[in-house]
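Okay, here's what each chain looks like letter by letter:
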Amino acid sequence: MDTIAVRLPASLVKQAEKYAGVNLRTTPKQIEYWARLGRCAEDNPDLPLEFIKECLLAKEEALRGDVSIFNFKDEK
């Protein structure tokens, strides 16, 4: 993955440092996470943020192979 340097306000970096510590991420990964959430929210303005987070988590689980087969049979 290519990387580039980006200038960010110190206040944003400080906030990211705080959230990164709580979420066990690095500061750059926290900022990347926020950017990804923001992009998804802009692309899908009618979806609640929690739904977007759950979709991103499900996508990551699928990429890691943490999936199971869902049985559509009616369980009566």
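In case you missed it, the structure is sitting above this.
Just so it is clear, the model here is predicted, and its values are computed rather than measured.

Peer 1: Got a minute to help me understand the packing of helix 1 (residues 10-23) against helix 2 (residues 27-43) in this structure?
Peer 2: Two measures define how a pair of helices packs: the angle their axes make with one another and the distance between the axes. Axis separation between helix 1 and helix 2 bottoms out at 8 Å; the angle between their running directions is 100 degrees. By the angle class used here, helix 1 and helix 2 are roughly perpendicular. Where helix 1 abuts helix 2, its residues Leu12, Val13, Gln15, Ala16, Glu17, Tyr19, Ala20 and Asn23 lie against Thr27, Gln30, Ile31 and Trp34. Partitioning the contact of helix 1 with helix 2 into residue classes produces seven nonpolar, four polar and one charged.

Peer 1: Please explain the packing of aromatic side chains as it appears in this structure.
Peer 2: Any pair of aromatic rings gets described here by the distance separating the centres and the angle formed by the planes. Summed over the entire model, instances satisfying the criterion amount to two aromatic pairs. Considering the side-chain rings of tyrosine 19 and tryptophan 34, the 5.4 Å spacing of their centres and the 70 degrees angle between planes classify their relative orientation as edge-to-face. Of this pair, tyrosine 19 sits in helix 1 while tryptophan 34 sits in helix 2; the two residues are 15 residues apart in sequence, bridging distant segments of the chain. Judged by its relative accessible area of 42%, tyrosine 19 falls in the partly exposed class. Residue tryptophan 34 is classed as partly exposed on the basis of its relative accessible area of 26%. A ring pair is formed by phenylalanine 70 and phenylalanine 72, whose centres lie 4.9 Å apart and whose planes are at 75 degrees; its orientation type is edge-to-face. The exposure class of phenylalanine 72 is exposed, given its relative accessible area of 74%. In this structure, arginine 25 is placed above the aromatic ring of tyrosine 33, and the distance from its NZ or CZ to the ring centre is 3.9 Å.

Peer 1: When you look at unusual backbone geometry in this model, what are you seeing that I'm missing?
Peer 2: Most peptide bonds take the trans configuration, and most residues that are not glycine carry a negative phi. If you check the backbone angles, leucine 24 has positive phi at about 55 degrees while not being a glycine. With respect to the helices, strands and loops of the structure, leucine 24 is situated in the loop between helix 1 and helix 2. Here leucine 24 falls in the exposed class, since its relative accessible area comes to 79%.

Peer 1: Quick question: what am I supposed to make of helix 3 (residues 49-63) here?
Peer 2: Turn by turn, an α-helix covers 3.6 residues, leaving residues three or four places apart pointing in a common direction. Its 15 residues give helix 3 an end-to-end C-alpha distance of 21 Å, which sits within 8% of 21 Å, the value for a rise of 1.5 Å per residue. After helix 3 finishes, the residue glycine 65 shows a positive phi value of roughly 80 degrees.

Peer 1: For this particular structure, what's the right way to read the environment of valine 6?
Peer 2: Mapped onto the elements of the fold, valine 6 is located in the segment before helix 1. In this structure, the C-alpha to C-alpha distance between valine 6 and glutamate 54, residues 48 residues apart in sequence, is 28 Å.

Peer 1: Looking at this model, I keep getting lost on a nonpolar patch on the surface. Mind explaining?
Peer 2: A surface patch of nonpolar side chains, about 320 Å² in accessible area, is lined by Ile4, Val6 and Leu8. Locating leucine 8 in the fold gives a position in the segment before helix 1.

Thresholds, definitions, all that
Residues numbered from 1 in each chain as written. Predicted model: local features only at pLDDT ≥ 70, side-chain atom pairs only at ≥ 80, totals over all residues. Heavy atoms only, no water. Axes fitted to C-alpha atoms, helices over the stretch in contact; angles between N-to-C directions. Helix = DSSP H or I, 4+ residues; strand = E, 2+ residues; numbered from the N terminus. Parallel < 35°, antiparallel > 145°, perpendicular 65-115°, else oblique. Contact = heavy atoms within 4.5 Å. Nonpolar A, V, L, I, M, F, W, Y, C, P; charged D, E, K, R; others polar. Phe/Tyr/Trp six-rings, centres within 6.5 Å; stacked < 30°, edge-to-face > 60°. Buried < 20%, exposed > 50% of the residue type's maximum accessible area, 1.4 Å probe, protein only. Lys NZ or Arg CZ within 6 Å of the ring centre and 35° of its normal. Expected span 1.5 Å × (residues − 1). Patch = residues over 30% accessible without salt bridge, like charges linked within 9 Å, V, L, I, M, F, W, Y side chains within 5 Å. Areas by Shrake-Rupley, 256 points an atom, 1.4 Å probe, with all protein chains shown as cover. Salt bridge = Lys/Arg side-chain N within 4 Å of Asp/Glu carboxyl O.

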